[in-house]
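What follows is each chain in one-letter form.
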Amino acid sequence: MRAIWKGAISFGLVSVPVKVYSATSSHDLPLHQVHAEDGGRIKYQRRCEECGKVVPYEDIDRAYEEGGRRVVLSDEDFELLPAERDHEIEVVQFVPADQVEILRLDKAYFLEPEDKALKPYTLLRRALEDTDRTAIVRFALRRKTRLAALRVRGDVLVLQTMLWDDEVRSPAFEVLGSTPRISQRERDMASQLVESMSDDFDPGAFTDEYQEQLRELIAEKLEKGDDAEVLVTDDSGDDAGDNVIDLMDALERSLSKKSTTKKTAPATKTAAKKTPARKTSAKKAPAKKTTKKKAAKKSSGTKKSA
């Protein structure tokens, strides 16, 4: 991994020099856009509307317009901002971990301490573990002031940027203004269904089926070209999403389906004695009826991507 930023965590009078690394990466296939008619690649150019010339990235500044007036900002202007020059991750609060709302969390980064900072780094990590607290910090990254949550993941400190308060929308849905009547029997059955589907979360048990199918499709088209056959899912037998369903009937059928599935394997839990939950792979939905359909007569592959 390559560090994208260097700075120091500061809490009180303690300073911890760290390097910042992106904690996540995308596994999506890199697709590009092509002309559907002849397969030619679509390219985007930074062309000036005044002179018509293609402008290299290093010659591009940024501008803000308001009321017909424009302010142009160069790289030198941004470097004059105090926050841009500051490489400090300032701890402003230690809050209970459960008060950091998931909705506000954004991109995650790993923090690596410098050799000389290993002791204060470890001390901060253990302090967060011992108190079950999350540090709320402020810092500047890529020309933006960030609010972030600093928390522990194993033996590493993780910095997770947060949305500012005015960036989180209010869910003003009129339909939620009225509360439907839910019977106790419906609540009990819903709870039973939740319990029957409960398990320890194992992220490794889940895969991105869309990307797997896309890779298979591309491999098929690379091997067979126009003769590639594509499996097309037939959803004609599925329940329509707009249909009004009988809630009790749906709950009963769901519980019946789960209990039938459980009969094929010994139960891992009993009422009298609890045993550690066993991790299981995510179960795939029953295979749907499929039909074979010839792939489009273009060996150029998938047409367009965002």
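Thresholds, definitions, all that
- Residues numbered from 1 in each chain as written.
- Predicted model: local features only at pLDDT ≥ 70, side-chain atom pairs only at ≥ 80, totals over all residues.
- Heavy atoms only, no water.
- Patch = residues over 30% accessible without salt bridge, like charges linked within 9 Å, V, L, I, M, F, W, Y side chains within 5 Å.
- Areas by Shrake-Rupley, 256 points an atom, 1.4 Å probe, with all protein chains shown as cover.
- Salt bridge = Lys/Arg side-chain N within 4 Å of Asp/Glu carboxyl O.
- Helix = DSSP H or I, 4+ residues; strand = E, 2+ residues; numbered from the N terminus.
- Buried < 20%, exposed > 50% of the residue type's maximum accessible area, 1.4 Å probe, protein only.
- Phe/Tyr/Trp six-rings, centres within 6.5 Å; stacked < 30°, edge-to-face > 60°.
- Lys NZ or Arg CZ within 6 Å of the ring centre and 35° of its normal.
- Expected span 1.5 Å × (residues − 1).

> It is not clear to me how a nonpolar patch on the surface should be interpreted in this structure. Could you clarify?
Judged by side-chain polarity, Tyr64, Val71 and Leu73 come together as a nonpolar surface patch covering roughly 270 Å² of accessible area. Relative to the helices and strands, leucine 73 resides in strand β4 (residues 69-73). Residue classification places leucine 73 among the partly exposed residues on the basis of a relative accessible area of 31%.

> Sorry if this is basic, but what is going on with the packing of aromatic side chains here?
In this description, a pair of aromatic rings is defined by centroid distance and the angle of the planes. Inspection of the entire model under this criterion finds two aromatic pairs. Positioned over the ring face of tyrosine 109 is lysine 107, at 5.9 Å from the centre of the ring.

> Even after reading the chapter, I still don't get helix α3 (residues 118-131), so can you show me in this structure?
Along an α-helix, a turn takes 3.6 residues, which lines up residues three or four apart on a common side. For α3, spanning 14 residues, the distance from its first C-alpha to its last is 20 Å, which sits close to the expected 20 Å at 1.5 Å a residue. If you check which residues of α3 are buried, you get Pro120, Tyr121, Thr122, Leu124, Arg125 and Leu128.

> Honestly, unusual backbone geometry in this entry has me stumped. Any pointers?
Leaving glycine out, the prevailing phi sign among residues is negative, and the prevailing peptide bond configuration is trans. Phi at aspartate 132 is positive, roughly 50°, even though this residue is not glycine. Within the secondary structure, aspartate 132 sits in the loop between α3 and β7 (133-140).

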